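Architecture at a glance
One letter stands for each residue in the lines below.
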Amino acid sequence: EFGEEAVKAAVEAFKAGDPIMVFDSNFRERETDLLWPAAATKPEVIRRLRKDCGGLLFLAIGNDIGELFGLPWLQDIHTNATLMQEYPVLDELKTNDLQYDTKSAFTLSLNHRNTYTGITDRDRALTTYRFAELVSELPDGISQEDARKALGKEFRTPGHIPVCREAPGGLGTRQGHTELAVSIARLAGTAVC
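Scope of this entry: the structure provided in the associated data block. Every chain's residues receive numbers from 1 upward, in the order its sequence appears when written. Local features in a predicted model are, by the rule used here, given only for residues with pLDDT of at least 70; side-chain atom pairs are given and counted only at 80 or more, and totals for whole chains, interfaces and linings are based on all residues. With hydrogens and water stripped out, all remaining heavy atoms of the structure feed into the side-chain values.

Along the chain, the position of Thr-127 falls in helix α7 (residues 121-137). A sequence separation of 54 residues divides Thr-127 from Ala-181, and the C-alpha atoms of the two residues are 18 Å apart. Between N or O atoms, a polar contact is any pair within 3.5 Å; within protein, one atom must be a potential hydrogen donor and the other a potential acceptor, and residues adjacent in sequence are included only when both atoms are from side chains. In this structure the side chain of Thr-127 is engaged in a polar contact, spanning 2.8 Å, whose partner is the backbone nitrogen of His-112. The helix and strand labels rest on DSSP assignments: H or I over at least four residues marks a helix, E over at least two residues marks a strand, and numbering proceeds from the N terminus.

This next bit is on a nonpolar patch on the surface. Residues enter a patch when their relative accessible area is above 30% and they make no salt bridge; the linking distance is 9 Å between like charges and 5 Å between nonpolar side chains (Val, Leu, Ile, Met, Phe, Trp, Tyr). Under the convention used here, a 1.4 Å probe and the Shrake-Rupley method define accessible areas, while residue burial counts only the protein chains that appear. Whenever Lys or Arg places a side-chain nitrogen within 4 Å of a carboxyl oxygen from Asp or Glu, that contact is recorded as a salt bridge. Taken together, Tyr-87, Val-89 and Leu-93 make up a surface patch of nonpolar side chains, about 320 Å² in accessible area. In this structure, Val-89 sits in helix α6 (residues 89-93). Overall, Val-89 belongs to the partly exposed group, its relative accessible area being 49%. Relative accessible area decides the class of each residue, using a 1.4 Å probe on protein chains only: under 20% of the type maximum gives buried, over 50% gives exposed, and in between gives partly exposed.

Under the counting rule described, the total for this entry stands at 17 salt bridges. Glu-67 serves as the salt-bridge partner of Arg-165, at 2.5 Å between the closest nitrogen and oxygen. Placement of Arg-165 in strand β5 (residues 155-165) and of Glu-67 in helix α3 (residues 63-69) is noted, with a sequence separation of 98 residues between them. The salt bridge partner of Asp-76 is Lys-103, with a shortest N-O separation of 3.1 Å. Separated by 27 residues along the polypeptide, Asp-76 in helix α4 (residues 74-78) and Lys-103 in the loop between α6 and β4 (106-112) bring together distant segments of the chain. Each of Arg-130, Glu-133, Glu-137 and Glu-154 takes part in a single network of salt bridges with overlapping partners.

Shown next, in the form of C-alpha coordinates:
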(Lines give C-alpha, C1' and ligand atoms only; values in the text may rest on other atoms or scores of the structure.)
Protein backbone atom coordinates (compact mmCIF):
# COMPACT_ATOMS: atom_id res chain seq x y z
CA GLU A 1 0.00 0.00 0.00
CA PHE A 2 1.26 3.44 -0.89
CA GLY A 3 -0.20 6.39 0.88
CA GLU A 4 -0.35 10.07 0.19
CA GLU A 5 3.07 10.64 1.79
CA ALA A 6 4.76 8.17 -0.58
CA VAL A 7 3.18 9.92 -3.58
CA LYS A 8 4.29 13.34 -2.27
CA ALA A 9 7.84 12.04 -1.79
CA ALA A 10 7.89 10.64 -5.32
CA VAL A 11 6.63 13.93 -6.77
CA GLU A 12 9.26 15.92 -4.85
CA ALA A 13 12.02 13.59 -6.00
CA PHE A 14 10.87 13.91 -9.61
CA LYS A 15 10.77 17.71 -9.27
CA ALA A 16 14.38 17.60 -8.05
CA GLY A 17 15.42 15.55 -11.08
CA ASP A 18 15.87 12.36 -9.08
CA PRO A 19 14.69 8.88 -10.08
CA ILE A 20 11.68 7.15 -8.55
CA MET A 21 10.47 3.58 -8.68
CA VAL A 22 6.88 2.68 -9.57
CA PHE A 23 5.12 -0.67 -9.54
CA ASP A 24 2.26 -0.96 -12.02
CA SER A 25 -0.03 -3.54 -10.34
CA ASN A 26 -0.55 -7.19 -9.55
CA PHE A 27 -3.01 -7.32 -12.44
CA ARG A 28 -0.70 -6.06 -15.20
CA GLU A 29 3.01 -6.70 -15.67
CA ARG A 30 3.80 -6.92 -11.93
CA GLU A 31 6.97 -4.94 -12.57
CA THR A 32 8.75 -2.04 -10.98
CA ASP A 33 10.17 0.61 -13.30
CA LEU A 34 12.80 3.22 -12.50
CA LEU A 35 11.56 6.59 -13.79
CA TRP A 36 13.73 9.58 -14.44
CA PRO A 37 12.56 13.05 -15.58
CA ALA A 38 13.41 13.36 -19.27
CA ALA A 39 14.82 16.87 -18.84
CA ALA A 40 17.32 15.56 -16.24
CA THR A 41 18.71 12.87 -18.53
CA LYS A 42 22.47 12.77 -19.01
CA PRO A 43 24.71 10.01 -20.39
CA GLU A 44 25.38 8.72 -16.86
CA VAL A 45 21.62 8.41 -16.30
CA ILE A 46 21.24 6.28 -19.44
CA ARG A 47 24.23 4.19 -18.34
CA ARG A 48 22.67 3.62 -14.91
CA LEU A 49 19.30 2.69 -16.37
CA ARG A 50 20.95 0.32 -18.82
CA LYS A 51 23.20 -1.37 -16.26
CA ASP A 52 21.02 -1.36 -13.14
CA CYS A 53 17.61 -1.89 -14.67
CA GLY A 54 18.12 -3.93 -17.79
CA GLY A 55 15.00 -4.14 -19.87
CA LEU A 56 13.73 -1.41 -22.10
CA LEU A 57 14.55 2.29 -21.92
CA PHE A 58 11.66 4.39 -23.23
CA LEU A 59 10.30 7.92 -23.17
CA ALA A 60 6.77 8.30 -21.78
CA ILE A 61 4.81 11.26 -23.14
CA GLY A 62 1.41 12.73 -22.37
CA ASN A 63 -1.42 12.11 -24.82
CA ASP A 64 -1.60 15.88 -25.37
CA ILE A 65 2.00 15.85 -26.62
CA GLY A 66 1.26 12.85 -28.82
CA GLU A 67 -1.72 14.70 -30.28
CA LEU A 68 0.25 17.91 -30.80
CA PHE A 69 2.98 16.11 -32.75
CA GLY A 70 0.54 13.73 -34.44
CA LEU A 71 2.42 10.66 -33.19
CA PRO A 72 0.49 7.52 -34.12
CA TRP A 73 0.31 4.37 -32.03
CA LEU A 74 2.37 1.62 -33.68
CA GLN A 75 -0.57 -0.74 -33.30
CA ASP A 76 -2.65 1.58 -35.51
CA ILE A 77 0.10 1.68 -38.14
CA HIS A 78 0.56 -2.07 -38.07
CA THR A 79 -3.17 -2.72 -38.50
CA ASN A 80 -3.67 -0.16 -41.26
CA ALA A 81 -5.50 -1.99 -44.07
CA THR A 82 -3.44 -0.38 -46.85
CA LEU A 83 -0.14 -1.23 -45.17
CA MET A 84 -1.27 -4.78 -44.38
CA GLN A 85 -2.13 -5.27 -48.05
CA GLU A 86 1.27 -3.94 -49.14
CA TYR A 87 3.12 -5.84 -46.37
CA PRO A 88 1.12 -9.00 -45.62
CA VAL A 89 3.44 -9.90 -42.76
CA LEU A 90 1.78 -7.09 -40.77
CA ASP A 91 -1.48 -9.02 -40.89
CA GLU A 92 0.29 -12.09 -39.52
CA LEU A 93 2.00 -10.10 -36.74
CA LYS A 94 -0.89 -7.84 -35.72
CA THR A 95 -1.40 -7.31 -32.02
CA ASN A 96 -4.82 -8.66 -31.16
CA ASP A 97 -3.96 -10.77 -28.15
CA LEU A 98 -2.43 -8.52 -25.48
CA GLN A 99 -2.99 -10.16 -22.13
CA TYR A 100 -2.73 -6.99 -20.06
CA ASP A 101 -4.54 -4.39 -22.17
CA THR A 102 -6.35 -3.70 -25.43
CA LYS A 103 -3.70 -1.42 -26.93
CA SER A 104 0.05 -0.98 -26.56
CA ALA A 105 1.36 2.48 -25.63
CA PHE A 106 4.18 2.39 -28.19
CA THR A 107 4.38 5.04 -30.88
CA LEU A 108 7.42 5.89 -33.04
CA SER A 109 11.02 5.49 -31.89
CA LEU A 110 13.28 8.53 -32.23
CA ASN A 111 16.88 9.66 -32.56
CA HIS A 112 17.97 13.28 -32.35
CA ARG A 113 19.45 14.39 -35.66
CA ASN A 114 22.76 15.29 -33.95
CA THR A 115 23.34 11.69 -32.90
CA TYR A 116 25.68 9.35 -34.74
CA THR A 117 24.23 5.85 -34.36
CA GLY A 118 21.73 6.85 -31.67
CA ILE A 119 22.58 3.89 -29.42
CA THR A 120 25.36 5.32 -27.24
CA ASP A 121 24.54 6.62 -23.77
CA ARG A 122 25.38 10.12 -25.01
CA ASP A 123 23.13 9.80 -28.07
CA ARG A 124 20.18 8.40 -26.12
CA ALA A 125 20.57 11.08 -23.45
CA LEU A 126 20.60 13.80 -26.12
CA THR A 127 17.46 12.39 -27.75
CA THR A 128 15.64 12.16 -24.42
CA TYR A 129 16.50 15.49 -22.82
CA ARG A 130 16.24 17.44 -26.06
CA PHE A 131 12.73 16.06 -26.62
CA ALA A 132 11.75 17.35 -23.15
CA GLU A 133 13.37 20.73 -23.88
CA LEU A 134 11.57 21.01 -27.22
CA VAL A 135 8.22 20.30 -25.60
CA SER A 136 8.92 22.99 -22.98
CA GLU A 137 10.00 25.50 -25.63
CA LEU A 138 6.92 25.21 -27.82
CA PRO A 139 4.71 28.30 -27.49
CA ASP A 140 1.18 27.90 -26.19
CA GLY A 141 -1.30 27.60 -29.03
CA ILE A 142 1.26 26.35 -31.57
CA SER A 143 -0.40 24.63 -34.50
CA GLN A 144 -0.04 20.90 -34.97
CA GLU A 145 1.67 21.55 -38.31
CA ASP A 146 4.27 23.87 -36.74
CA ALA A 147 4.84 21.43 -33.87
CA ARG A 148 5.39 18.57 -36.33
CA LYS A 149 7.88 20.69 -38.28
CA ALA A 150 9.76 21.56 -35.07
CA LEU A 151 9.89 17.87 -34.16
CA GLY A 152 11.08 16.85 -37.64
CA LYS A 153 13.75 19.54 -37.68
CA GLU A 154 15.43 17.92 -34.67
CA PHE A 155 14.40 14.25 -34.69
CA ARG A 156 14.15 11.28 -37.05
CA THR A 157 12.58 7.83 -36.96
CA PRO A 158 13.35 5.00 -36.51
CA GLY A 159 15.55 5.60 -33.54
CA HIS A 160 16.88 4.14 -30.32
CA ILE A 161 14.45 5.81 -27.93
CA PRO A 162 11.02 4.17 -28.14
CA VAL A 163 8.27 6.62 -27.30
CA CYS A 164 5.24 5.45 -25.33
CA ARG A 165 2.14 7.63 -25.44
CA GLU A 166 -0.31 7.99 -22.58
CA ALA A 167 -3.76 6.60 -23.30
CA PRO A 168 -6.52 9.18 -23.70
CA GLY A 169 -7.94 9.63 -20.21
CA GLY A 170 -4.64 8.73 -18.55
CA LEU A 171 -4.80 6.58 -15.44
CA GLY A 172 -8.59 6.64 -15.63
CA THR A 173 -8.47 4.41 -18.71
CA ARG A 174 -5.13 2.59 -18.51
CA GLN A 175 -2.95 1.86 -15.48
CA GLY A 176 0.39 1.24 -17.18
CA HIS A 177 3.88 2.55 -16.51
CA THR A 178 3.42 5.16 -19.23
CA GLU A 179 0.36 6.66 -17.51
CA LEU A 180 2.04 6.45 -14.09
CA ALA A 181 5.14 8.25 -15.38
CA VAL A 182 3.09 10.98 -17.08
CA SER A 183 0.93 11.48 -13.98
CA ILE A 184 4.01 11.87 -11.75
CA ALA A 185 5.50 14.37 -14.23
CA ARG A 186 2.26 16.40 -14.20
CA LEU A 187 2.11 16.40 -10.40
CA ALA A 188 5.76 17.47 -10.30
CA GLY A 189 5.17 20.28 -12.80
CA THR A 190 7.90 18.97 -15.09
CA ALA A 191 7.74 18.37 -18.83
CA VAL A 192 5.22 15.61 -19.41
CA CYS A 193 7.82 13.35 -20.94
